[in-house]
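These are the residues of each chain, in order.
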Amino acid sequence: MKKHITSVLALTISLSSAAVLANKTGFDDIDRDRDGYVTKSDFQQHVADRHFMQFDRNRDGMLDENEFSSSRFGSNMADFDRDRDSRLSKAEMMDGMFSQYDTDRDGRLSKEEWKNVERAGIGY
Ligand SMILES: [Ca+2]
Ligand SMILES: [Ca+2]
Ligand SMILES: [Ca+2]
């Protein structure tokens, strides 16, 4: 049991240092005014737009079920699809992604919250 705890701890530490390294090229690049937070518009510009274009393979400006399932979010499309038209607009994807990571719901991502973006492999 003790051994198990130790290995979990080691994993946590290695994940954190990977995130710290990634932050050097992620968080600080996006947080241009250096106030320690990534705002929603920064997130949209640097993360969401890029991923949306990547996933929208037929370039119709919407993500359908197939396109969404090939994305790395691993969430239910229904969680993001607010108007229930079975397609995701850029705004729906953006809001869905952002609120997943904005765990304290203050409308911006702290460095701590950003670590989860990095861990998901969708950072800058
Ligand atoms: Ca599409
Ligand atoms: Ca929709
Ligand atoms: Ca926050």
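Before any of the text, the structure's been laid out above.
Here goes a summary of the coordinates provided.

Cut-offs and rules
Residues numbered from 1 in each chain as written. Chains lettered and ligands numbered in written order. Predicted model: local features only at pLDDT ≥ 70, side-chain atom pairs only at ≥ 80, totals over all residues. Heavy atoms only, no water. Helix = DSSP H or I, 4+ residues; strand = E, 2+ residues; numbered from the N terminus. Buried < 20%, exposed > 50% of the residue type's maximum accessible area, 1.4 Å probe, protein only. Contact = heavy atoms within 4.5 Å. Core = buried A, V, L, I, M, F, W, Y, C linked by side-chain atoms within 4.5 Å. Donors = N, O, S within 2.8 Å, 3.2 Å for Na, K, Ca; no water. Tetrahedral: all angles 85-135°; square planar, octahedral: opposite > 155°, others 65-115°. Polar contact = N/O pair within 3.5 Å; in protein donor to acceptor, adjacent residues only side chain to side chain. Axes fitted to C-alpha atoms, helices over the stretch in contact; angles between N-to-C directions. Parallel < 35°, antiparallel > 145°, perpendicular 65-115°, else oblique. Left-handed = near helix turned anticlockwise from the far one by under 90°. Nonpolar A, V, L, I, M, F, W, Y, C, P; charged D, E, K, R; others polar.

## With respect to the environment of M77
Part 1 of the reasoning: Tracing the backbone through its elements, the reader meets M77 in helix α5 (residues 77-80).
Part 2 of the reasoning: A relative accessible area of 5% places M77 in the buried class.
Part 3 of the reasoning: For the pair formed by M77 and R87, sequence separation is 10 residues and the distance between their alpha carbons is 8.3 Å.
Part 4 of the reasoning: When residues no more than four places from it in sequence are discounted, the contact partners of M77 are L63, D64, E65, F68, S86, R87 and L88.

## Brief notes about the nonpolar core
Part 1 of the reasoning: If you look at the biggest cluster of nonpolar residues, it comprises 22 residues, and the most contacted ones within it are F43, M97, L109 and W114.
Part 2 of the reasoning: Sorting the residues of this core by element identifies α2 (27-30), α3 (40-55), α5, α6 (90-101) and α7 (111-119) as the ones contributing at least two each.
Part 3 of the reasoning: Excluding its chain neighbours within four sequence positions, the residues that come into contact with F43 are V38, A48, M94, M97, F98, Y101, L109, W114 and V117.

## A word on the coordination of the calcium ion (ligand 1)
Each donor-metal-donor angle would ideally measure 109.5 degrees in four-coordinate tetrahedral geometry, or 90 or 180 degrees in six-coordinate octahedral geometry.
Part 1 of the reasoning: Protein coordination at the calcium ion (ligand 1) comes from D56 (OD), N58 (OD1), D60 (OD), M62 (O), E67 (OE) and E67 (OE), with a distance range of 2.2 to 2.6 Å.
Part 2 of the reasoning: If you look at the calcium ion (ligand 1), its six donor atoms make angles of 52 to 156° with each other, and the shape they trace is irregular.
Part 3 of the reasoning: For the calcium ion (ligand 1), the single-chain donor residues occur in sequence as D-x1-N-x1-D-x1-M-x4-E.
Part 4 of the reasoning: Given a relative accessible area of 41%, D60 falls into the partly exposed group.
Part 5 of the reasoning: According to the relative accessible area criterion, M62 is buried, its value standing at 15%.

## Some remarks on the environment of D56
Part 1 of the reasoning: Tracing the backbone through its elements, the reader meets D56 in the loop between α3 and α4 (65-69).
Part 2 of the reasoning: Sequence-wise, D56 and E67 are 11 residues apart; in three dimensions their C-alpha atoms are separated by 6.3 Å.
Part 3 of the reasoning: If sequence neighbours within four positions are ignored, D56 has contacts with G61, M62, L63 and E67.
Part 4 of the reasoning: Within the local environment of D56, its side chain forms a polar contact with the backbone nitrogen of D60, the two atoms lying 3.2 Å apart.

## What to know about the packing of α3 against α6
Part 1 of the reasoning: Contact pair α3 / α6: the axes reach a minimum separation of 10 Å and the direction vectors enclose 120°. As judged from the angle between their axes, α3 and α6 are oblique. Where α3 crosses over α6, the handedness of that crossing is right-handed. Listed contacts from α6 to K40, F43, Q44, V47, A48, D49, H51 and F52 of α3 are K90, M93, M94, D95, M97, F98 and Y101.
Part 2 of the reasoning: A class-by-class count of the residues in the contact of α3 with α6 yields nine nonpolar, two polar and four charged.

## Notes on the coordination of the calcium ion (ligand 2)
Part 1 of the reasoning: Coordination of the calcium ion (ligand 2) by the protein is provided by D81 (OD), D83 (OD), D85 (OD), R87 (O), E92 (OE) and E92 (OE), with metal-donor distances spanning 2.2 to 2.6 Å.
Part 2 of the reasoning: Taken together, the six donor atoms surrounding the calcium ion (ligand 2) define angles of 52 to 157° at the centre, an arrangement classified as irregular.
Part 3 of the reasoning: Taken in chain order, the donor set of the calcium ion (ligand 2) reads D-x1-D-x1-D-x1-R-x4-E.
Part 4 of the reasoning: With relative accessibility at 51%, the residue D83 sits in the exposed group.
Part 5 of the reasoning: What makes R87 partly exposed here is its relative accessible area of 37%.

## Focus: unusual backbone geometry
Glycine aside, negative phi is the norm for most residues, and most peptide bonds take the trans geometry.
Part 1 of the reasoning: One non-glycine residue, R34, lies in the positive phi region at around 55°.
Part 2 of the reasoning: Within the secondary structure, R34 sits in the loop between α2 and β1 (37-39).
Part 3 of the reasoning: Unusually for a residue other than glycine, R59 sits at a positive phi of about 55°.
Part 4 of the reasoning: Here R59 lies in the loop between α3 and α4.
Part 5 of the reasoning: Look at R59 and you get exposed, because its relative accessible area is 59%.

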